[in-house]
Every structure is written in C-alpha cells, then in structure tokens.
Amino acid sequence: MAIQTKRGVSLAGLQQPMLDALTIAEQVYRRYGATLVVTSATDGRHMENSLHYVGLAADLRIRDIGDSRLESIYFDLSAQLAAVSKRFQVILESGHIHVEYDRRVTDETFKDEQSS
Ligand SMILES: [Zn+2]
C-alpha cells in the first residue's frame, strides 16, 4: 500500500530502514482506523545534525487522531519497531510522532540486544 505524504513531501530521500518503519507505521495506523500521513522526511527544518537530513527520520501526522487512539498507536508502533531494531527511536512530539533510525547506536548495544 502506498504511503501518503503531506503535499510537497517526498519519501524519495529516505533510506531503507525508514521505508521499512513507515510500512509498519502504516499498518499500525490502519489497525486503529487512522490513516498515516508523513508530514516530513528529508525536507523541512530540523535540529542541526538531525537524522532527517540523511534520510533516517520521518514525522507522522497525529492531528486527526484522538488522544486515546494516539496513545495506542504510539505504544504499538514503539513496540513493533523496537522488535525490529533497538536503533529505532519513536518520540511523541507536540505536533507529530518523530521516528528515526540511529546508526550511532553502538555495536555493544547491539550485542546486548542479541543476547537478551
Ligand atoms: Zn522529526
């Protein structure tokens, strides 16, 4: 299923881990009867050194989701992405859900992940 974006937002610059994350996010949103809309990928203004600029972060719209559904979506998405890789970070910000894939997570963290 194609992932919807806000007008003018392109997923073209996203790296594969983020495309995988958005596929999962789309399924999670749909499970709760919501439609995923990506409001920012490599575009827009973000913090200096933001992973947005290298195609490893995306913002998801939460405007049309009620609080209780938002909480469910947030926890479900966090759990599903954590199961794929500890490198995924899901952050509930004031106007959107920010998802990133942090390659800076060290190999040591990964060893812990695999042995647990
Ligand atoms: Zn963001």
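Described below are features of the structure shown in this document. All of these numbers come straight from a predicted model, not from anything done at the bench.

### Overview of the nonpolar core
In terms of nonpolar packing, the biggest core is built from 27 residues, with M18, A21, A25, V38, A58, L60 and V99 touching the most fellow members. Apart from the residues within four sequence positions on either side, L60 is in contact with A25, L36, V38, T39, H96, I97 and V99.

### Focus: the sheet that holds strand β1 (residues 4–5)
Strand order in the open sheet formed by 5 strands is β1-β2-β3-β5-β4, and the pairing between neighbours is mixed. Two strands lie at the open edges of the sheet, namely β1 and β4 (88–92), each paired on one side alone. Pairing between strand β3 (residues 57–61) and strand β5 (residues 96–101): 5 bridges, direction antiparallel. Paired with A57 across the two strands is E100, which belongs to β5. Sheet contacts for helix α1 (residues 16–31): β2 (37–40), β3, β4 and β5; angle to β5, the most-contacted strand, approximately 140 degrees.

### Things to note about unusual backbone geometry
The phi torsion at N49 lies on the positive side, around 70 degrees, for a residue other than glycine. For N49, the location among the structural elements is in the loop between β2 and β3.

### Details of the pairing of β5
Every regular strand shows the same layout, with side chains that alternate between the two sheet faces. Examined bridge by bridge, β4 and β5 share 5 bridges and lie antiparallel to one another. Residue L92 lies in a different strand from β5, and its bridge partner there is I97. As consecutive antiparallel partners, β4 and β5 are separated by 3 residues.

### Overview of the packing of α1 against helix α2 (residues 67–84)
Two numbers describe how α1 lies on α2: the axes approach to 10 Å, and their chain directions differ by 145 degrees. Relative to α2, α1 is oriented so that their crossing is right-handed. Here A21, I24, A25, V28 and Y29 of α1 lie close against α2, whose contacting residues are I73, D76, L77, Q80 and L81. Residues of the contact of α1 with α2, tallied by class, amount to 8 nonpolar, 1 polar and 1 charged.

### What to know about α1
Relative to the 22 Å expected for 16 residues at 1.5 Å per residue, α1 spans 23 Å between its end C-alpha atoms, a close match to the ideal helical length. Buried residues of α1: P17, M18, A21, L22, A25, E26, V28 and Y29, and no others. Those residues of α1 that are buried lie in contact with β2, β3, α2, β4 and β5. A positive phi of about 75 degrees marks G33, the residue just after α1.

Calculation notes
Residues numbered from 1 in each chain as written. Predicted model: local features only at pLDDT ≥ 70, side-chain atom pairs only at ≥ 80, totals over all residues. Core = buried A, V, L, I, M, F, W, Y, C linked by C-beta atoms within 7 Å. Buried ≥ 20, exposed ≤ 12 C-beta atoms within 10 Å, placed from the backbone. Contact = placed C-beta atoms within 7 Å. Pairing = 2+ DSSP bridges. Helix = DSSP H or I, 4+ residues; strand = E, 2+ residues; numbered from the N terminus. Axes fitted to C-alpha atoms, helices over the stretch in contact; angles between N-to-C directions. Left-handed = near helix turned anticlockwise from the far one by under 90°. Nonpolar A, V, L, I, M, F, W, Y, C, P; charged D, E, K, R; others polar. Expected span 1.5 Å × (residues − 1).

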